[in-house]
Structures are given as structure tokens and as C-alpha cells.
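So the chains spell out like this:
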Amino acid sequence: MTAGLLLAAQQPATAGPNLVRNPGFETPGSGDMPFCWAKSGWGDNDFTFTTTADAHTGSAAMKVELTRRLDGDRKALITESADCAPHVVPERQYDLSFWYKSTTPDTALTLFRHDTTAGWQYWTDLRTLPMEGDWTRSEVRTPAIPPNTDQITWGVSVFGTGSVTTDDYAMEEVAPPTPDPVCTATAEECAKGRWDVMPTKNPVRSMHSVVLHGGTSQSGGPGGGKVLLIAGSGNDPAMFEAGTFTSAVYDPVAGTYKNIPTPADMFCAGHVQLSDGRVLVMSGNKGYPSADGTIGYQGLKDSYVFDPVTETYTRTNDMNGGHWYPSATILGNGDVISFGGLKEDSTGNVTAEKFSAAENKWLPLHQVNQTWSFWGLYPSMILMQDGRLFYSGSHVFGNGTPGTGASIYDYDANTITDVPGLRNKDQRDESASVLLPPAQDQRVLTVGGGNNETNPAANRLTDIIDLKQPNPQYTAGPPLPQGLVDQGQGKRPQTGDEGKMFVSAVLLPDGKVLETGGGLHDRADPVYEASFFDPVTNTYEEGLAADPIPRTYHSSAFLLPDGRVMAVGDNPGNGTYNHNVSIYTPPYLLKGPRPRITSVVDGEWQYGDTQRITVDRPIAKAELIRPAAVTHSSDPNQRFVDLPLSVVDDRTIDLNVTSNPNLAPPGWYMLFGVDANGIPSVAEWVHLGAPPAAARAAKDAPSAHVHDFAGELAKSPKKNVKKRASAPVGPKVAGCDRHYGTADVCVPLTFPAPVKATTRSRCDWLTAHGYGRLKVNGKDDPLRLDPDRDGRTCGKGDLRR
């Protein structure tokens with residue numbers, strides 16, 4: 001786990017006391033292991049632990065060897081005991097070092113920590129060790145010690161056939177911090193941050209936001225990061241009928257927009273960043289609902305890639321079916337998997353779709369594993385460290401999936417297993433789910449939500465699941481902070497259990513999560529509130545500056561490479577759209593000068609690499625953040641990947657890259673260096689992962705160190721559904737009564753409490769929310785909005801009656 005803000009910048013460790021007992025294995029133990037050292041590991045493999053005379057110094061070293069491996073690992077660790085495990089101080093960092101030689105690239109330095117309440121538990125892998133025939137020294141710095149941690153233990157894991165021999169371990173505390181930063185703005189801004197509404201408005205009704213690699217950073221390398229804003233028809237039936245589909249590219253450095261020719265209605269499509277930096281955009285809108293409400297939205301088969309270099313769309317082969325509101329998750333091999341959404345006939349799509357990175361196309365249905373399950377619309381499918389997918393329970397429209405509302409999908413085994421604990425699983429419509437920083441910690445936060453069919457007040461629920469546990473289950477997090485809500489009569493404080501749906505959750509380079517925007521009811525009643533969630537303490541820092549622009553349905557918020565957050569969009573039920581753009585400056589940018597990455601030796605990174613950077617002053621941590629591809633509160637690919645430091649000196653840092661592509665799927669990432677006050681650099685863009693052919697050909701390429709997390713699920717896998725063409729989905733899935741207005745207008749099927757079931761009460765609500773008088777489509781008037789039957793709702797004659 002990576003700490004949020006340390007106290008100040010830290011220097012390289014000086015030669016302090018070695019905190020490791022029996023660092024050279026010279027003292028024998030009571031059994032077959034040296035004093036203060038123990039065997040550990042799991043899985044199906046053949047192994048030996050040997051105290052050998054082939055030592056770096058002295059007369060003993062430890063050799064761990066695997067001669068056969070199906071799965072798992074073996075490791076020699078410092079004994080988990082009060083006497084042997086080094087004692088540590090929360091928020092401090094420690095330099096770990098040892099000498100080694102190895103005959104396998106499949107080795108990693110692994111840490112465990114002792115939580116004062118939960119006991120011993122896995123913490124993280126710090127680095128992958130390259131093969132070395134002669135004795136070689138390896139050193140790496142721990143992340144900041146998490147709260148409630150009093151001891152750590154560590155050693156080398158072997159997870160491939162071959163051997164690793166180690167000797168002369170050392171652990172030294174990093175030197176104390178330097179003074180605190182100085183506020184460079186008003187006291188309130190330094191505590192709460194600042195929102196600025198941009199003078200130039202977004203030219204398109206964007207429902208989709210994708211941060212593109214490229215541009216120029218302060219150090220002269222790539223770093224600007226333009227933003228692709230996709231509207232398609234923009235929830236405007238007139239635009240659809242005219243065949244007018246729009247996108248724009250925003251340049252945050254120049255502050256300009258460029259309109260992009262858009263070949264199809266990508267309104268409510270799915271999208272994901274491919275490993276080469278292109279954006280795969282799948283499905284979209286084939287047709288709007290009929291005026292009488294008998295036909296719902298219809299999904300496209302169409303699929304395109306957007307090239308950020310040429311800023312053009314190119315069509316791929318079609319998907320096997322339409323998927324209006326599909327998921328899109330990139331896998332560790334660069335393939336993309338997609339579930340859910342609506343077919344061309346408005347029914348629910350039950351087929352999984354797979355885009356092959358090697359073949360650059362959607363695979364035919366018979367080449368993709370199928371459970372024939374309907375996952376709903378925009379189901380949040382998050383890639384786990386072992387390649388399985390976690391469905392968090394976040395989705396759009398209506399109820400959650402049958403069962404507990406959250407599950408683990410194993411593509412290879414083709415099984416779905418429910419996991420428990422998600423509260424109010426049928427009121428998580430338009431909730432947000434994020435893989436918390438760092439990705440290595442394998443914890444997911446799910447925030448807020450509601451239900452567009454029953455239309456209750458959105459909830460304040462936050463639930464957290466730790467996928468490292470053998471049998472993971474959601475546990476209750478702290479309630480979402482409350483702000484001001486505007487229900488058409490001006491802003492008032494939220495009360496009781498009032499929360500938010502349509503919420504945005506953004507991973508920040510200091511390791512916190514910004515939650516912002518949202519509304520109290522379906523497509524209505526914006527809430528003005530923002531907070532930070534700290535995954536180290538599992539608490540919210542509330543009372544941040546709030547975006548002054550309403551951000552409900554069809555809004556997005558996302559991280560820019562300069563560390564600010566951009567927010568766009570708002571499309572309430574009355575069919576209007578807000579084109580204002582807001583930029584949030586977090587408090588960490590108001591604390592003084594930023595550290596600067598002055599060079600990145602190599603911008604092409606491979607898994608298991610050690611990559612060198614230089615900085616203009618000391619940093620406490622570094623990470624990769626995957627650029628956003630967000631819509632409808634959903635970006636399942638958003639992740640923050642810790643890069644443990646090996647500090648050469650206070651200006652030269654080696655960054656240790658995970659060997660596991662499931663933790664950091666291939667593609668372009670923003671590289672941030674962060675000082676001990678939590679102040680981030682401007683990001684540098686780096687590309688992680690070789691093309692598939694090159695990766696296969698790489699000599700001695702390391703394997704991924706996969707752990708046995710979530711390996712003892714209490715529930716049995718569900719029985720797969722029999723093969724079928726689709727799942728029944730009512731045309732009212734969007735929660736709108738189509739008897740009134742046009743397709744972009746959403747008169748709620750169920751009005752929120754305390755609106756009475758009378759013409760006047762409902763018309764008062766519609767008036768307060770800016771609907772105006774709506775045309776009645778056909779003869780039916782199920783909500784009794786047109787008692788005088790003049791074909792228009794809420795007129796004087798209607799209210800008299």
C-alpha cells in the first residue's frame with residue numbers, strides 16, 4: 001500500500017543500523033532453516049531450501065530452487081515473529097538490500113507487513129530481479145509504511161524453475177524529512193483546492209472523454225495529453241435524423257478545440273485505450289426509442305479505432321452484435337473483452353465479445369468463451385492480478401445482476417462466482433467503482449448510486465472489497481460526504497441518507513481519489529460536493545471546493561497530465577446540455593514548486609524492467625496512471641501502479657516495473673514523480689509492454705508473479721445459462737416515459753418523493769426542472785399530465801382539472 005502524503009522530502013539512506021537479524025545466515029536455527037528465517041510459499045511445485053557454503057561473505061547463504069512448477073512460488077522470508085521481524089514506524093520508508101545470483105528471471109522481492117489489528121498479511125512485490133551469474137547487489141526502497149503497521153518481513157520469491165541464492169541482507173531507515181511546504185494561494189484554496197470555469201465552452205455534447213498520449217511537458221518530452229470528447233448524436237434525435245455526429249479534441253496546453261469528423265452515432269458507445277495508444281470505440285446508437293415507447297434504444301455493431309496521431313477514425317470489422325452501453329476492459333495480453341448492452345432489437349446482449357490485439361479485429365463468436373449471461377448496461381469489469389475479472393456491481397439503469405450483485409468471472413474456466421457484501425445492490429445504478437491506489441493492493445471502492453426505475457434518493461454508501469483475501473467480500477466504508485443539492489428551488493444542505501448517483505471518481509497522483517459531481521435523483525437535482533478518499537486510512541476528507549457547474553447524467557471528470565482534473569457535461573432529463581468546462585486545481589498544486597522529471601532514459605518500458613529517471617530534487621514515490629477513458633461514471637481500466645524506487649542519489653532514481661501485465665495492461669501511461677509533501681511532477685508519457693511478437697521473442701523475459709488471491713471463494717460457481725439469443729429487456733430500461741416529449745427528454749417513470757401522484761404536483765416538479773410544456777405522443781396519458789387532452793402537458797386547463 002502506498003501512503004498518501006508524507007511529511008516532506010526524504011534523502012537517500014545513510015549508513016544506519018542494520019535492522020535485519022542474522023542477515024548472512026551464519027547463525028543456525030533450531031530446525032533446517034537459519035535463525036530468524038522461515039520457509040514460505042504455495043502452489044504445485046517441487047522445491048528445495050538449502051543453506052549453502054557458496055556465500056557472498058562468510059560461510060553461509062540461502063539457496064531456493066524450483067525444479068518443477070505448475071503454479072505458485074517458494075520464498076525464504078524473515079520469520080514473522082516479534083523478535084525476528086524488523087520493527088518499523090508508520091509513514092517512514094526503508095531501504096532494503098541484499099546480494100544474490102540466480103538462474104531464473106522469475107524472482108521478485110516480496111514484502112509482508114504486520115497489522116496491529118489484523119495480523120500478518122501480504123503487502124507488495126517491490127521488484128523483479130534480473131538473472132545474474134555472479135554476486136550482484138540489489139537495493140530498493142519501501143513505500144511509506146501504512147498506518148497500524150509495526151513490523152515487516154521480506155525475502156525473495158521464486159516463481160519459475162531455477163534457483164536464487166541470497167546473502168548479506170540489510171534494512172536501513174531512510175533519513176528524516178525536511179520542512180513542510182508553504183501555501184502559495186489563499187488559505188482556503190490550499191485546504192480545499194480551486195475550480196475554474198473555462199472561458200471557452202465544449203463545442204460538442206460529449207458523453208465520452210478519453211485522455212490521449214502526446215503533447216509537450218515542462219521537461220520538453222511528451223506530456224500535454226489532449227482529450228478526445230465524443231458526442232455522436234449527443235442524445236439529440238434531430239442530430240441523429242440529420243446524420244450529424246460529432247467529436248472534438250481538446251488541447252489543454254493551448255486551450256483550443258478541434259472538431260473531428262465522426263462516422264457513426266457513437267452516442268453511448270464503449271471505449272478503451274489499446275496497447276499502441278489508439279482508442280477502440282465499440283457500438284453506439286443504431287436508433288432512438290419510438291415515440292410510443294414500444295421500441296427502446298438499439299445498439300450498433302459498428303466499431304472504430306481513433307488514432308491520436310492523425311486524429312481520425314478508422315473502421316474495424318463489426319462486432320458480432322449490437323452493444324449499446326457495453327463494457328470495455330483491456331486484458332494483460334492487450335486483448336479487449338466486452339459484455340452487456342442492448343442489441344439491435346433493444347433486447348439485452350448476452351454474448352461476450354473479444355478484440356484480438358494480435359489480429360487487430362473482433363473475433364468470431366465461436367472463438368470467444370460464452371456464459372450467455374446478461375451483465376446489464378456498462379457493467380464495471382475490473383481486471384484482477386491473475387487475469388480474472390471482478391464485476392464490482394456498478395452499472396447503469398435499473399437493478400443489478402441476479403444474486404449478490406458482485407462476482408468474479410474466470411474467462412479461462414468460463415465460470416461466474418458471486419461475492420457477498422455489496423449493500424443495496426439494486427440501488428447502485430450510476431455508482432462509480434475504482435481499483436484503489438496502488439493496483440498492487442487489489443482493493444476496489446464502489447461509491448454511491450441509485451435506481452432509475454424506482455427513483456429513490458441516491459445513497460451515501462461506499463463499499464470496499466479486498467481481492468487479496470482468500471474469500472473476499474465487500475465491507476462497509478465510510479458514508480459519502482454530503483453537500484448542497486438543488487431540486488429546483490435553490491440549493492439546500494443534504495440531510496439524512498441523501499447521497500449521489502452519476503458520481504465521478506478520479507485517481508490522483510498523490511494516491512487519493514477525488515469524488516466529485518453527481519445528482520440526488522435520476523437525471524435531476526445536482527449535488528455540489530467534492531471530497532478525497534484516502535485508501536491508506538479508508539477515510540474521506542470532506543468539504544473540498546465544489547464544481548460550480550452541475551454534473552449529473554452524461555458528465556465526466558478525469559485526470560490531466562499536469563495533475564489537474566477536468567470536468568465536462570451535464571444532460572438533465574429536460575433534454576438540455578451544459579457545455580461549460582471546469583478545471584480543478586487540487587491542494588497539492590498550491591503547496592509550492594513542483595518536482596520535475598528532468599529525463600527519462602528510455603520511454604519504451606518492458607515488464608520487470610528497472611528504468612532510470614533523473615529529477616531536479618528528491619521524490620518519495622513514483623507511479624504510472626493509465627489515462628482516462630470514461631463515460632457514465634464508468635472507467636474500469638483506470639489504475640494507479642506503484643513503481644518502487646531504488647535511489648541512486650537524490651537526483652537519480654531507478655524505477656522498478658511490475659512483471660505482471662494484469663496489474664498494468666500494455667499501453668501508454670502517465671509517469672508521475674511525487675515528493676514527500678504529495679506534490680506531483682507534470683507527467684511524462686511512457687509506453688509499457690512490447691508488441692506481442694516481440695514479447696514472445698524476448699530472451700529470458702520474466703513471468704508474472706501471480707499470487708493466490710481470491711482462491712478460496714465460499715460460493716460455488718453459478719451454472720452457466722443455456723445458449724440463447726438475448727435477454728429480455730423492457731423498452732423502459734432508460735427509466736423514461738416516452739409518452740411525452742422527444743427521445744432526448746426523460747420524464748421519469750417514477751417521480752421522486754415527496755412528489756404526489758397528482759397532475760399539479762407532477763407538473764410543479766417538471767416546471768421546477770425546466771421541462772416546459774411537452775407534446776403528448778399518442779392518445780395515452782399514463783401520468784395524467786394532460787387532463788384537458790389538448791396534446792400538451794401541464795397547461796392551465798390541465799391544472800384546473
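The structure displayed is predicted, hence computed values, not measured ones.

Rules used in this analysis
Per-chain numbering applies: the sequence of each chain, read as written, is numbered from 1 onward. This being a predicted model, a pLDDT of at least 70 is required before a residue's local features are given, and a value of 80 or more before pairs of side-chain atoms are given or counted; all residues contribute to the totals for chains, interfaces and linings. With hydrogens and water excluded, all non-hydrogen atoms of the structure serve as input to the side-chain values. Put simply, DSSP marks the helices as runs of H or I at least four residues long and the strands as runs of E at least two long, and each gets a number from the N terminus on. As defined in this context, the radius of gyration uses C-alpha atoms, and a globule is described by 2.2 Å times the residue total to the power 0.38. Relative accessibility decides the category of a residue: with a 1.4 Å probe and only protein chains considered, values under 20% of the type maximum give buried, values over 50% give exposed, and everything between is partly exposed. Residue contacts are defined here by distance: any two heavy atoms, one from each residue, within 4.5 Å place the two residues in contact. For accessible areas, the Shrake-Rupley method is used with a probe of radius 1.4 Å. Any residue's cover is judged against the shown protein chains and nothing else. The definition used for a disulfide is geometric: two cysteine sulfur atoms within 2.5 Å. Here, the term nonpolar core denotes a set of buried Ala, Val, Leu, Ile, Met, Phe, Trp, Tyr and Cys residues that are joined through side-chain atoms within 4.5 Å. For every residue, the pLDDT score states the predictor's confidence, bounded by 0 at the bottom and 100 at the top. Salt bridge, as used here: a side-chain nitrogen of Lys or Arg that lies within 4 Å of a carboxyl oxygen of Asp or Glu. Two strands qualify as a pair provided that DSSP identifies no fewer than 2 bridges between them. What counts as a ring pair is set by centres within 6.5 Å for rings of Phe, Tyr and Trp (its six-membered ring), and what kind of pair is set by the plane angle: stacked under 30 degrees, edge-to-face over 60, tilted for all other angles. Whether a charge lies above a ring is judged from NZ of Lys or CZ of Arg, which has to be within 6 Å of the ring centre and within 35 degrees of the ring normal. Axis lines are fitted to C-alpha atoms, over the contacting stretch for helices. Their N-to-C directions set the angle, which ranges from 0 to 180 degrees.

A. The overall build of the chain, seen in detail. A tally of helices and strands in the chain yields 5 helices and 54 strands. For the chain, whose C-alpha radius of gyration is 27 Å, the value lies close to the compact-globule estimate of 28 Å for 801 residues. Referenced to the eigenvectors of the C-alpha coordinate spread, the extents of the chain come out at roughly 100 × 60 × 50 Å. Counting across all 801 residues of the chain, residues that qualify as buried make up 63%. Put simply, of all contacts in the chain between residues at least 6 apart along the chain, 65% involve residues at least 24 apart. Within the structure as shown, the chain displays about 27,600 Å² of accessible surface, and the carbon and sulfur contribution to it stands at 51%.

B. Structural context of the state of the cysteines. Counted according to the given criterion, the structure contains 4 disulfides. Between the sulfur of Cys36 and that of Cys84 lies a disulfide, 2.0 Å long from S to S. When the S-S torsion is -75 degrees, as for the bridge of Cys36 with Cys84, the disulfide is left-handed. With Cys36 in the segment before β1 (37-42) and Cys84 in the loop between β4 (73-78) and β5 (94-102), this pair connects stretches of sequence that are 48 residues apart. Across this residue pair, the class does not change: Cys36 and Cys84 are buried. What pairs with Cys763 in a disulfide is Cys794, and their sulfur atoms sit 2.1 Å apart. Across the S-S bond of Cys763 and Cys794 the torsion is about -85 degrees, and the bridge reads as left-handed.

C. Broad picture of the nonpolar core. Of all hydrophobic cores here, the largest spans 51 residues; its most connected members are Leu514, Phe558, Leu559 and Met566. With 4 residues, the top contributor of residues to this core is strand β43 (residues 565-568). Beyond its immediate sequence surroundings of up to four residues, Met566 is in contact with Val227, Tyr250, Tyr257, Ser556, Ala557, Phe558, Leu560, Val581, Ser582 and Ile583. One finds Met384, Val444, Leu643 and Leu655 within the second-largest nonpolar core, a separate group that totals 35 residues.

D. Here's a closer look at the confidence of the model for the chain. Chain-level pLDDT for the chain is 94 on average; 95% of the residues reach the 70-or-more range. Counting interchain partners and residues more than four positions distant, the pLDDT-below-50 stretch residues 1-14 has 73 contacts. Residue range residues 215-223 is modelled with pLDDT below 50. Its contacts to residues more than four positions away, or to other chains, number 28 contacts.

E. How the structure looks around the pattern of salt bridges. Applying the stated criterion across every chain, the model contains 38 salt bridges. Salt-bridge contacts for Arg113 lead to Asp115; the nearest nitrogen and oxygen are separated by 3.4 Å. Its relative accessible area of 7% is what places Arg113 among the buried residues. Residue Glu359 is joined to Lys361 by a salt bridge in which the shortest nitrogen-to-oxygen separation is 3.6 Å. Exposure remark for Glu359: the relative accessible area of 45% places this residue in the partly exposed category.

F. The arrangement of the pairing of strand β17 (residues 279-282) in detail. Residue alternation in β17 divides its side chains into two sets, Val279 and Val281 and Leu280 and Met282, and both sets are buried. Bridging between strand β16 (residues 270-273) and β17 involves 4 bridges; their strand directions are antiparallel. The residue of β17 that forms the bridge with His271 is Val281. Connecting the antiparallel pair β16 and β17 is a turn made up of 5 residues, with Gly277 showing a positive phi of about 95 degrees. The pairing of β17 with strand β20 (residues 303-307) spans 4 bridges and is antiparallel.

G. Looking closely at the pairing of strand β37 (residues 513-516). Here β37 shows no split at all, with Val513 and Glu515 on one side and Leu514 and Thr516 on the other all buried. Two strands pair when backbone bridges link them, and strand β36 (residues 504-507) and β37 are joined in this way by 4 bridges, in the antiparallel orientation. Paired with Ala505 across the bridge in β37 is Glu515. Bridge count for β37 against strand β40 (residues 530-534) is 4 bridges, and the pairing is antiparallel. Its bridge partner being in β40, Leu514 is matched across the sheet by Phe532.

H. Representation of the packing of aromatic side chains. As enumerated under the stated definition, the model contains 35 aromatic pairs in all. On the numbers, 5.3 Å between centres and 55 degrees between planes, the contact of Tyr122 with Phe709 is tilted. Here Tyr122, found in strand β7 (residues 119-128), pairs with Phe709, found in the loop between α3 (692-697) and α4 (759-768); they are 587 residues apart in sequence, far enough to count as distant. The class for Tyr122 is buried, based on a relative accessible area of 12%. Judged by its relative accessible area of 7%, Phe709 is buried. With a centroid separation of 5.7 Å and an interplanar angle of 55 degrees, the aromatic rings of Tyr288 and Tyr297 are classed as tilted. The burial state of Tyr288 is the same as that of Tyr297; both residues are buried. Through a chain of ring-to-ring contacts, the aromatic side chains of Phe240, Phe245, Phe267, Tyr288, Tyr297, Trp324, Tyr325, Tyr378 and Phe397 assemble into a single cluster. Its guanidinium or amino end placed over the ring of Tyr528, Lys491 lies 4.0 Å from that ring's centre, counting from NZ or CZ.

I. Looking closely at the sheet that holds strand β27 (residues 389-391). If you walk across this open sheet you meet the 4 strands as β26-β27-β28-β29, and the pairing is antiparallel. Each edge of the open sheet carries a strand with a single partner, namely β26 (381-383) and β29 (415-418). On average, adjacent strands in this sheet sit at an angle of 25 degrees to one another, irrespective of strand direction. Where strand β28 (residues 407-410) lies against β29, 4 bridges are found, and the strand directions are antiparallel. Paired with Ile408 across the bridge in β29 is Thr417.

J. Region of the structure containing α4. Three or more residues of α4 are buried, namely Thr759, Ser761, Arg762, Cys763, Trp765 and Leu766. As for α4, its buried residues are in contact with β39 (524-528) and α5 (796-800). Where α4 terminates, the next one or two residues include Gly770, which has phi positive at roughly 75 degrees.

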